[in-house]
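Okay, here's what each chain looks like letter by letter:
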Amino acid sequence: QVQLVESGGGLVQPGGPLRLSCAASSSLVNFPAMAWYRQTPGKQRDLVARIRGFGATDYLDSVKGRFTISRDTAKNTLYLQMNSLKPEDTDVYYCSTNKWDGSPEYWGQGTQVTVSS
C-alpha cells in the first residue's frame, strides 16, 4: 500500500499563486506516472496534470500556461505550482499514482483550494 499526503492548499485571492505538495511513502520512480486531479463535490474527478517517468507532462487545457507539475525524486515528493489562479480553480485537489494505462491507482486524501476575494 502506498501512502500519499497532500499539503499546501488554502484560500488565495484571484491572480495569486499556490503550490501543492504530495509526499509519497514509496519512491516516485516506482510508478509509470504521477498526477494531480481535482473534484467538485457531486462531479467527476478531472485530471489536471500528469508527469510521466521520463518527464513528459500533460495538462488540462484550462490550466496550460498557469500550472506546472514537477517532482523531486530524492524527496519522494510531487508538486503542483499554480499561478494566476481563478475562482473556477476552486476544488479539492488530489495526488495520485498512475498505472501504465494512465488510470489512477493510489490516492491521497485531498487538499482544498479556494480562490476567492
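Our structure is the block above this text.
Residues numbered from 1 in each chain as written. Predicted model: local features only at pLDDT ≥ 70, side-chain atom pairs only at ≥ 80, totals over all residues. Heavy atoms only, no water.

Novice: With reference to specific residues and values, describe the overall build of the chain.
Specialist: In terms of helices and strands, the chain carries 0 helices and 11 strands. Starting at the N terminus and walking to the C terminus, you meet the elements of the chain as β-β-β-β-β-β-β-β-β-β-β. For 117 residues, the compact-globule estimate of 2.2 N^0.38 gives 13 Å, and the chain sits close to it at 13 Å. In terms of overall dimensions, the chain has C-alpha extents of about 40 × 25 × 25 Å along its principal axes. By residue count, 43% of the 117 residues in the chain fall in the buried class. Here the analysis covers contacts within the chain between residues at least 6 apart in sequence; of these, 53% occur between residues at least 24 apart. When the accessible area of the chain is evaluated, it comes to approximately 6000 Å², of which 48% is carbon and sulfur surface. Positive and negative charge centroids in the chain, built from 12 and 10 side chains respectively, lie 2 Å apart. (Helix = DSSP H or I, 4+ residues; strand = E, 2+ residues; numbered from the N terminus. Rg over C-alpha atoms; globule rule 2.2 N^0.38 Å. Buried < 20%, exposed > 50% of the residue type's maximum accessible area, 1.4 Å probe, protein only. Contact = heavy atoms within 4.5 Å. Areas by Shrake-Rupley, 256 points an atom, 1.4 Å probe, with all protein chains shown as cover. Lys, Arg positive; Asp, Glu negative; His and termini not counted. Charge placed at Lys NZ, Arg CZ, Asp CG, Glu CD.)

Novice: Please provide a residue-by-residue account of the pattern of salt bridges, values included.
Specialist: Two side chains that carry opposite charge are able to pair once their charged atoms sit near each other. Enumeration according to the criterion identifies 5 salt bridges in this entry. We note a salt bridge from Asp 61 to Lys 64, for which the minimum N-O separation is 3.0 Å. On the accessibility criterion, Asp 61 (61% relative accessible area) is exposed. One salt-bridge network, held together by shared partners, links Arg 38, Arg 66, Asp 89 and Asp 91. (Salt bridge = Lys/Arg side-chain N within 4 Å of Asp/Glu carboxyl O.)

Novice: Let's hear about the sheet that holds strand S8 (residues 77-82): which residues, and what values?
Specialist: Spatial strand order, S1-S3-S8-S7: 4 strands in an open sheet with antiparallel pairing. Edge positions in the sheet fall to strand S1 (4-7) and strand S7 (67-72), since each has one partner strand and no second. Strand-to-strand, the axes of this sheet are offset by a mean angle of 15°, without reference to chain direction. (Pairing = 2+ DSSP bridges. Axes fitted to C-alpha atoms, helices over the stretch in contact; angles between N-to-C directions.)

Novice: Give me the pairing of strand S9 (residues 91-98): which residues, what numbers.
Specialist: S9 sits mainly inside the fold: 8 of its 8 residues count as buried. In this structure, strand S4 (residues 33-39) lies alongside S9, joined through 7 bridges in antiparallel fashion. Looking across to S9, one finds that Ala 35 is bridged to Ser 96. As paired elements, S9 and strand S11 (residues 111-115) share 3 bridges and run antiparallel to each other.

Novice: I'd like a rundown of the side chain of Asp 89, residues and numbers included.
Specialist: Note that Asp 89 resides in the loop between S8 and S9. On the accessibility criterion, Asp 89 (1% relative accessible area) is buried. Excluding residues within four positions of it along the chain, Asp 89 makes contact with Arg 38, Val 63, Arg 66, Phe 67, Ser 84, Val 113 and Val 115.

Novice: Describe the pairing of S11, naming the residues involved and giving the relevant values.
Specialist: Residues Thr 111, Val 113 and Val 115 of S11 are buried on one face, while the alternating residues Gln 112 and Thr 114, pointing to the opposite face, are not. Here strand S2 (residues 10-12) runs beside S11; their pairing, made up of 3 bridges, is parallel. Looking at S11, one finds that Gly 10 is bridged to Val 113.

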